[in-house]
Amino acid sequence: MSSLPRILVENTRGIEETLERLLPRGRQPEKALHDAMRYAVLGGGKRLRPALVVASAALFGVVGPSALRTAAAVEMTHCFSLVHDDLPALDNDELRRGRPTCHIAFGEATAILAGDGLLTQAFEVLSDPATHDAAEVRLELVRVLAEAVGASGMIAGQAIDLAFEHESVDRPGVERLQALKTGALFTFCTEAGAILGQADQDAREAMIAYGRNLGAAFQVADDLLDHEGDSAALGKAAGKDAAAGKATLVAVLGLEPARAMAQRFAGQAIDALEAFGEAAGGLKELARFAVERRS
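The structure reproduced in this document is the subject of the present report. (Residues numbered from 1 in each chain as written. Predicted model: local features only at pLDDT ≥ 70, side-chain atom pairs only at ≥ 80, totals over all residues. Heavy atoms only, no water.)

On to the layout of surface pockets, then. Space inside the second largest pocket adds up to approximately 260 Å³. Lining of the second largest pocket is provided by 16 residues; of these, Glu147, Ala148, Ala184, Thr187 and Glu191 occupy positions nearest its centre. In terms of residue count, helix α9 (residues 171–196) provides more of the lining of the second largest pocket than any other element does, seven residues in total. (1 Å grid on protein atoms, 1.4 Å probe; cavity = no way out; pocket = protein on both sides within 12 Å on 5 of 7 lines; lining within 4 Å. Points joined across faces, edges and corners; volume = space filled by probe spheres on them. Helix = DSSP H or I, 4+ residues; strand = E, 2+ residues; numbered from the N terminus.)

What follows is the structure, encoded as structure tokens:
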């Protein structure tokens, strides 16, 4: 697939405008913090995760500020994780989205604070009545995102990733690591649409299954790109996972079996949307893009 999916193209402007409006512009002495937060978020990227929120919400008839504010909260959360992952104490990366990483541009201390600021602002945005009229919907968004990114979700996945470096790990171990580190936030993105739309449990479970499988497909494709890709195209250093002894399905299974597994996950994501028919066409296209992309 040579072009970006329609979901990404159509939703980029609204997402960018919402992020631009919500991110702080500080005066001295906190200006460096706010500049670093804006640098980390507004410096490019496909906006895949926030676009997933907007598209999933639209499936349940939710459009406009509710979807866009939830999408912005997701992107803030995602960028928090990138800023912290890039730090010398973790992945020690110097390039992100084709630019110096946040700690290279602003220093480690400010980068840590910028990540903290982004994560906490995400919850501020979700809990604001401007995101949804119903307090129970806002509360559920906060609860599910906290679970997805906390010590039983994305952050747990990062801890497992550290523990597994240069260790022999089997396939179930890698799949659990990736389900937490990557898949949990993807699952929130798609479940959030059902939460915003106050959908029934069957529909919500279908969106959870879609997000979980999409996240798995995306991560295996990412591992393949790290192994085969070009740093200039990726906007970050290629080959670092193998050099660092990271636990990936490429390392465990080999290239072709991992590629087949990515396709299998994408197919399962598409199958999860069967009940929604043609209305879910854009989300299905996004699942195919996840495994066919080159960056």
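Having seen the structure, we can now continue with the description.
Two elements in contact, helix α4 (residues 65–85) and helix α8 (residues 154–164), have axes separated by 12 Å at closest approach and are oriented at 20 degrees. Here α4 is positioned roughly parallel relative to α8, judged by the angle of their axes. Remark: the crossing between α4 and α8 carries right-handed chirality. Residues Thr77, Phe80, Ser81 and Asp85 of α4 lie in contact with α8, whose contacting residues are Met154, Ile155 and Gln158. Of the residues that constitute the contact of α4 with α8, the class distribution is three nonpolar, three polar and one charged. (Axes fitted to C-alpha atoms, helices over the stretch in contact; angles between N-to-C directions. Parallel < 35°, antiparallel > 145°, perpendicular 65-115°, else oblique. Left-handed = near helix turned anticlockwise from the far one by under 90°. Contact = heavy atoms within 4.5 Å. Nonpolar A, V, L, I, M, F, W, Y, C, P; charged D, E, K, R; others polar.)

A word on the environment of threonine 187. Along the chain, threonine 187 turns up in helix α9. Residue threonine 187 is classed as buried on the basis of its relative accessible area, which comes to 13%. Separated by 24 residues in sequence, threonine 187 and glycine 211 have C-alpha atoms that sit 4.1 Å apart. Apart from the residues within four sequence positions on either side, threonine 187 is in contact with Ile208, Gly211 and Arg212. Side-chain polar atoms of threonine 187 contact the backbone oxygen of glycine 183, separated by 2.8 Å. (Buried < 20%, exposed > 50% of the residue type's maximum accessible area, 1.4 Å probe, protein only. Polar contact = N/O pair within 3.5 Å; in protein donor to acceptor, adjacent residues only side chain to side chain.)

Counted by the stated rule, this structure contains one cavity of 30 Å³ or more. Of the voids in this model, the largest cavity is the one considered here, and its volume is about 150 Å³. Lining of the largest cavity is provided by 14 residues; of these, Tyr39, Ala40, Arg96, Thr101 and Cys102 occupy positions nearest its centre. Elements with a minimum of two residues in the lining of the largest cavity: α2 (31–42), α4, β2 (99–100) and α5 (102–106). The biggest single contributor to the lining of the largest cavity is α4, with three residues.

Scope: geometric values only; no functional claims are made or implied.
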